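# Descriptive structure summary
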Amino acid sequence: MASKTTAAVPVVKQKTYLKKVRLSRALILPALIFSIVLTQIPFLVTIYFSTLEWNLLKPTEVKFAWFENYLAVFEKGDLLPATISTVGITSLAVIFSVILGLLLAVLLDRKFRGQAFARTLLITPFLLMPAAASLIWKYSMFDSNVGILSWLTEALGGTPIQWTTDLPFAVVVIMLTWQYTPFMMLILLAGLQSQSREVLEASSVDGAGSWRTFQWITLPHLRQYVEIAVLLGTIMLLQVFDPIAIITKGTGGTKTLSYLLYERAFVGLNVGEAAAYGVVTVLLTIIVATVALRNLFKVFIDGGAR
Amino acid sequence: MRKFKGSLITTFTWVIVILFFFPVFWMFINAFKSEQDASAIPPTIIFEPNFAGFQRLMDRGMVDYLTNSLTSSVFSTIIVLLLAIPAAYALSIRPIKSVQDALFFFISTRFMPAAASLLPLYMIFKSLGLLDNINALSFVYAAMNLPIAVWMMRSFFNEVPIDIVEAAQIDGANFRTELIRIVLPIVLPGIAAVALICFIFSWNEYFLATLLTTSDAKTAPPFLASFVDGRGLFLGVLSAAAMVAALPVLVAGWVAQKQLVRGLAMGAVK
């Protein structure tokens, strides 16, 4: 009798386990298939296209060309500058927006009249449609004739700067910093507000000044929030396209990998070469992302365990 | 002295806040100016409100583009929720090894530039007659938002106390009851946050919309640039168009700030 029950339990357990596994797989499968069909398979097709000699002007003469397209891509020599632009724009915008975001988060963490309203105004740049923001910055702020900045420099006695033609790189970085500072601020503010009040009070009772408290207690506490902010900001900024397409059209060192790819893939007629650009761009983006984020990925791995 | 220092910091805060908000404020103001006033230098602060800009938006058929934006944003958000809720449930509440691997797959797809898979997608759509089709665009948006939605959603599902789920399972609740009666009510605010963020990303999306639509299915973001006029003054009408296009997301974000932060920080922010 006793032996019968002990034998039955593992079987039941195994059965429920198998059922559990099957259910889990069934639940995740639709999302996986959807994602694979719309992103991974097209990428495989891109790899296939990249080995073809295929010009849209001669649609009947498609033939296999091995790595010719890749050779052509590397010979053009615009990949390195695009990689540098991508890294430059992304890292500068991330650094500036994290610093400004931290400053604003600290300022907004105090109690003052209209605090909630100030926060509402401050998050607006991040919510504003990037295409709208780019157009407003280009024509309403940076324009050399009717822009506010030109008027301001002139009113202060300076010579107006032709922002979008002379300093396109700075324009893109300024606009992106403006856009992403609120995002960084929101995450860091949430971090500040999650600090335990007791620890902060204890530190001030012990006679630590506010700067030392900030340096030794707040900053280490904020670390994981800064990591998340930088990681998410980098993911979004690496693929940024709108201000470049709208404001600078890739001039003056603003031709990032995603803009270069757009230019090659949809403006030209050479499908094979465009596909080769696509493949190389993906590889470069992944390399840039992993190098930049290797340490930050810990956040996600730690977060991966329940 | 202390009080003085406090009000000094408050003033400083407001100066920065106003500087940051200024471009948006200026867009709002210019939207209600006549073209002459909008492009005037020095800028006009006092002016007679003018609705000609808005009238021109209507004449140009902006309502159709806004409808397209709304359709693609709502439709893609629904697809994302239908796919991400079960996936996040499996990843969080019933995790098994092979499913955990899927998690890293999802986040890694987010690193791939959309442009890379776009060329074949563009050609496939072209041959199937799906270019300039709002449903096709919605599917692409759903694919774009799915990875981040699964990640966010999973972090919300992780907050469900596992004891409650196990108790329900012991009581013999089947999977559907467990999901609908027990888990979903707890994660509902999280789902709202994910939906809001997916909606915002789709509504504001410019790159894919530019490439995959031309006229019938064109959404508001690529339409905005068409107000730039090489010959005449256009700041007034451009500001009005930008304001109208941006307003739904601005209002949604202002109202749901808390959900927005929680969603964006992927549950790390409690």
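The shown structure was predicted, so the numbers you read here are calculated from the model rather than taken from an experiment. (Residues numbered from 1 in each chain as written. Chains lettered and ligands numbered in written order. Predicted model: local features only at pLDDT ≥ 70, side-chain atom pairs only at ≥ 80, totals over all residues.)

### Things to note about the overall build of chain B
Within chain B, the regular secondary structure consists of 13 helices and zero strands. Starting at the N terminus and walking to the C terminus, you meet the elements of chain B as α-α-α-α-α-α-α-α-α-α-α-α-α. Whereas a compact globule of 270 residues would reach a radius of gyration of roughly 18 Å, chain B reaches 23 Å, over 25% beyond that. Once the C-alpha set of chain B is aligned to its principal axes, its extents read approximately 70 × 70 × 30 Å. Across the 270 residues that make up chain B, the buried fraction comes to 50%. (Helix = DSSP H or I, 4+ residues; strand = E, 2+ residues; numbered from the N terminus. Rg over C-alpha atoms; globule rule 2.2 N^0.38 Å. Buried ≥ 20, exposed ≤ 12 C-beta atoms within 10 Å, placed from the backbone.)

### Remarks on the overall build of chain A
When its secondary structure is counted, chain A shows 14 helices and two strands. For 306 residues, the compact-globule formula gives about 19 Å, and the C-alpha radius of gyration of chain A, at 26 Å, lies well above that figure. Taken over 306 residues, chain A has a buried fraction of 41%. Taking as baseline every contact in chain A between residues at least 6 positions apart, the subset at least 24 positions apart corresponds to 73%. (Contact = placed C-beta atoms within 7 Å.)

### As for the packing of helix 3 (residues 79-108) of chain A against helix 10 (residues 210-238) of chain A
In a pair of packed helices, the angle between the axes and the distance between the axes together describe the arrangement. All names here are of chain A. Direction vectors running N to C along helix 3 and helix 10 enclose 145°, while the axes themselves pass 10 Å from each other. In this structure, helix 3 meets helix 10 at a crossing whose hand is right-handed. Across the interface between the two elements, Thr86, Thr90, Ala93, Val94, Ser97, Val98 and Gly101 from helix 3 touch Val226, Ala229, Val230, Gly233, Thr234, Leu237 and Leu238 from helix 10. (Axes fitted to C-alpha atoms, helices over the stretch in contact; angles between N-to-C directions. Left-handed = near helix turned anticlockwise from the far one by under 90°.)

### A look at helix 5 (residues 130-141) of chain A
Burial of helix 5 of chain A is extensive: 12 of the 12 residues sit out of reach of the surface. For helix 5 of chain A, the full list of buried residues reads A:Pro130, A:Ala131, A:Ala132, A:Ala133, A:Ser134, A:Leu135, A:Ile136, A:Trp137, A:Lys138, A:Tyr139, A:Ser140 and A:Met141.

### Considerations on the nonpolar core
Judged by nonpolar contacts, the single largest core of 166 residues is most densely connected at A:Ala132, B:Ala84, B:Ala241 and B:Ala242. Ranked by the residues each element gives to this core, the list is headed by helix 7 (residues 134-157) of chain B, at 17 residues. Once residues within four sequence positions are removed from consideration, B:Ala84 is found in contact with A:Ala31, B:Leu146, B:Ala149, B:Val150, B:Met153 and B:Val194. (Core = buried A, V, L, I, M, F, W, Y, C linked by C-beta atoms within 7 Å.)

### Overview of unusual backbone geometry
A positive phi angle, near 55°, is found at A:Lys249, a position not held by glycine. Locating A:Lys249 in the fold gives a position in the loop between helix 11 (242-248) and helix 12 (257-267). With a phi angle near 60°, B:Asp132 is a residue other than glycine that sits in the positive phi range. Positionally, B:Asp132 belongs in the loop between helix 6 (114-128) and helix 7.

### Looking at the interface of chain A and chain B
If you look at the interface, chain A gives 77 residues, while chain B gives 80 residues. Element by element, the count of residues in the side of chain A that touches chain B is highest for helix 1 (residues 2-49) of chain A, at 19 residues. When its residues are assigned to classes, the side of chain A that touches chain B shows 57 nonpolar, 15 polar and five charged. (Nonpolar A, V, L, I, M, F, W, Y, C, P; charged D, E, K, R; others polar.)

### Quick notes on the confidence of the model for chain A
Scored by pLDDT, chain A comes out at a mean of 83, with 90% of its residues at no less than 70. Confidence drops under pLDDT 50 across residues 1-6 of chain A; counting only partners more than four residues distant or on other chains, this segment forms zero contacts. (pLDDT = per-residue confidence, 0-100.)

### A short note on the confidence of the model for chain B
All names here are of chain B. When pLDDT is averaged across chain B, the result is 85; 94% of the residues are at 70 or more. Across chain B, the element-wise mean pLDDT spans from 71 in helix 5 (residues 97-109) up to 92 in helix 4 (residues 62-92). Scoring of the predicted complex yields 0.87 for pTM and 0.89 for ipTM.

### Remarks on the packing of helix 7 of chain B against helix 9 (residues 175-204) of chain B
Residue and element names in this part refer to chain B. Contact geometry of helix 7 with helix 9 gives a least axis separation of 10 Å together with a crossing angle of 155°. Classified by the angle between their axes, helix 7 and helix 9 sit roughly antiparallel to one another. Crossing handedness for the pair helix 7 and helix 9: right-handed. Contacts from Tyr141, Asn145, Ala149, Met152, Met153, Phe156 and Phe157 of helix 7 reach helix 9 at Val187, Gly190, Val194, Cys198, Phe201 and Ser202. (Parallel < 35°, antiparallel > 145°, perpendicular 65-115°, else oblique.)

### Remarks on the environment of A:Trp137
With respect to the secondary-structure elements, A:Trp137 resides in helix 5. Note: C-alpha distance between A:Trp137 and A:Pro42 (95 residues apart in sequence) is 35 Å. If sequence neighbours within four positions are ignored, A:Trp137 has contacts with A:Phe142, A:Met175, A:Ile247 and B:Pro23.

### Digging into the environment of B:Ser138
Residue and element names in this part refer to chain B. Among the secondary structure elements, serine 138 is positioned in helix 7. The sequence separation of serine 138 and phenylalanine 156 amounts to 18 residues, and the corresponding C-alpha distance is 25 Å. Serine 138 has contacts with Ser72, Phe75, Ser76 and Ile79, leaving out every residue within four places of it along the chain.

### Points about helix 8 (residues 168-193) of chain A
Taking 1.5 Å of rise per residue, the 26 residues of helix 8 of chain A would be expected to cover 38 Å, and the 38 Å separating its terminal C-alpha atoms lies within 8% of that figure. Its axis deflected by about 30° at A:Tyr180, helix 8 of chain A carries its strongest bend there, up to four residues before the proline A:Pro182. (Expected span 1.5 Å × (residues − 1). Bend = angle between axes of the 7 residues up to and from the residue.)

### Brief notes about the environment of A:Pro81
Residues and elements named next belong to chain A. Turning to its location among the elements, proline 81 is positioned in helix 3. What makes proline 81 partly exposed here is the crowd of 13 C-beta atoms within 10 Å. Here the alpha-carbon distance between proline 81 and valine 240, two residues 159 residues apart in the chain, equals 16 Å.

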